[in-house]
Amino acid sequence: MRIDVFSIFPDYLAPLELSLIGKARREGLLEVHSHDLRRFTHDRHHTVDDTPYGGGAGMVMTPQPWGEALDELVGSAGGQLPTLIVPGPGGEPFTQTTAYELAGVPWLAFACGRYEGIDERVYDEARSQLGPERVRILSLGDYVLNGGEVAVLAMIEAIARLLPGVIGNEESLTEESHTGGLLEYPVYTKPATWRGHQVPQVLLSGDHQRIAAWRHDQRLARTATRRPDLLPSSATLAGGGKQPLQIVPATPADAAELFVLTRACWLDEGRTAGTFDIPPLTEDMDAMKATVAPGSPWHTWVVRDPQSGRLVGSVRGRSWRGAPDLSEPLEENVGSDRGRFWEIGRLMVAPDLHGRGLGQELLAHVVRSAPTQATTAWLVTGANSSRNLRFYRKAGFRRSRVASPYPGTVALERALSEDDL
Ligand code: JEB
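Engineer: Help me out: how do you make sense of the sheet that holds strand E14 (residues 376–382) in this one?
Structural biologist: Pairing between the strands of a sheet comes from backbone hydrogen bonds, and it takes one of two forms, parallel or antiparallel. What the seven strands build is an open sheet, ordered E10-E11-E12-E13-E14-E16-E15; its pairing is mixed. Single-partner strands in this sheet number two, and they are strand E10 (247–249) and strand E15 (398–399). Relative to strand E13 (residues 341–349), strand E12 (residues 311–320) runs antiparallel, the two sharing seven bridges. Bridge assignment links Ser314 to a residue of E13, and that residue is Met348.

This is the structure in structure tokens:
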């Protein structure tokens, strides 16, 4: 991965030479260039700021040096385009999901603002040079920093450690906070007693099942006290005793909400795929109505937040007649509950509820709902959607021999056993 950082304080980025990030750079896994924005000024004082039009407090970064920095950046790599990240207190939240997404991008550039921020036309210019999907305004959290540098350090660290080979312990990546929707359990090391404080007895017991149960309880308890905001959905279902989420068959009355949720959920997917010309985004309302109407080969399920009644997730499945080698067009193979393949589609969770296990529950539900004749669950997902690929892999899906008929996607499958039904 290549990273370019633009700042009026390039020394702020010095820590990127240390520790695991520094090692990754020396090993060539990561290429980081930091640039002094003042290099792109032409006046004697290397001016990068001016007073705001319309009045108001503070100074604003002038567009001129940013424009020239962008030109040089874009001109430096024969047609390749970076994704530009501009940290700002008013950006979209930078989360672990964002980190995973950005870890899949080969070239990132970071623009560190200062003062009250950057002249808005710099964003417009970047969007027109790079394409709007390659300009991301991201916020580290709900507090105010003096500039983008500290945010960039945090973002680069979160992203770089996800690159293959950077942390060297791939396992510790999969078990972390903010991937399972719960906080981590407490950890202890030797000695067993320290200044009178004991390590919990269960951890010394050697009983791995009891240890796992204790750790799970600790995670729930911690999450409930420290981060109750993470709980309202499915994490509480696992053991918190709140209202269960009901996964129910969709009806024609759900069509409009389902239509909106589908678009909301696939916009990011389209961004990753580099095209918005994909069925979930181009299908019209009539097509949506048809799939939830009686007689459709699709069986669709929806889940609503019990408090608000909002539709927050959905999934669907349909059977294929015979063994679909896809020598016939896909639609021709679709039968009514008689096929051996159970095609899973349109698995979606409202973006604000990601990371709580709701997708896993929906997937488990649609797998359980396969007709008894079905031997294989099959689905397609974006070939570059690393988040989706990870999610399905964790659920036991592997690359299918039955190729996906849709460009830019891959087909995954998983054998259905008695236990699933
Ligand atoms: C990032 C920045 C400033 C209004 C007031 C102050 C450039 N989570 C975060 N908090 N603050 C920032 C951030 C992120 N990411 C942040 C870049 C800049 C703050 N300021 C100061 C801007 N607008 C200038």
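Engineer: Explain the packing of aromatic side chains here, please?
Structural biologist: To describe a pair of aromatic rings, you give the distance between the ring centres and the angle between the ring planes. Using the criterion set out here, one finds six aromatic pairs in the structure. Summarising the aromatic geometry, the rings of Phe391 and Tyr392 are spaced 5.1 Å apart at their centres and angled 75° between planes, so their arrangement reads as edge-to-face. According to the relative accessible area criterion, Tyr392 is buried, its value standing at 8%. An aromatic cluster of at least three residues, connected via ring pairs, comprises Trp320, Phe341 and Trp378. Over the ring of Trp298 we find Arg316; its NZ or CZ atom is 4.0 Å from the centre of that ring. Note that Arg390 overlies the ring of Tyr100, its terminal NZ or CZ placed 3.7 Å from the centroid.

Engineer: Explain the sheet that holds strand E1 (residues 2–7) here, please?
Structural biologist: Across the sheet, five strands lie side by side as E2-E1-E6-E5-E7; this open sheet has parallel pairing. Two strands lie at the open edges of the sheet, namely strand E2 (31–36) and strand E7 (135–139), each paired on one side alone. Within the sheet, the average angular offset between the axes of one strand and its neighbour, ignoring direction, is 30°. Strand direction decides the pairing type here: strand E5 (residues 83–93) and E7, joined by six bridges, are parallel. Residue Pro93 lies in a different strand from E7, and its bridge partner there is Ser139.

Calculation criteria
Residues numbered from 1 in each chain as written. Predicted model: local features only at pLDDT ≥ 70, side-chain atom pairs only at ≥ 80, totals over all residues. Heavy atoms only, no water. Pairing = 2+ DSSP bridges. Helix = DSSP H or I, 4+ residues; strand = E, 2+ residues; numbered from the N terminus. Phe/Tyr/Trp six-rings, centres within 6.5 Å; stacked < 30°, edge-to-face > 60°. Buried < 20%, exposed > 50% of the residue type's maximum accessible area, 1.4 Å probe, protein only. Lys NZ or Arg CZ within 6 Å of the ring centre and 35° of its normal. Axes fitted to C-alpha atoms, helices over the stretch in contact; angles between N-to-C directions.

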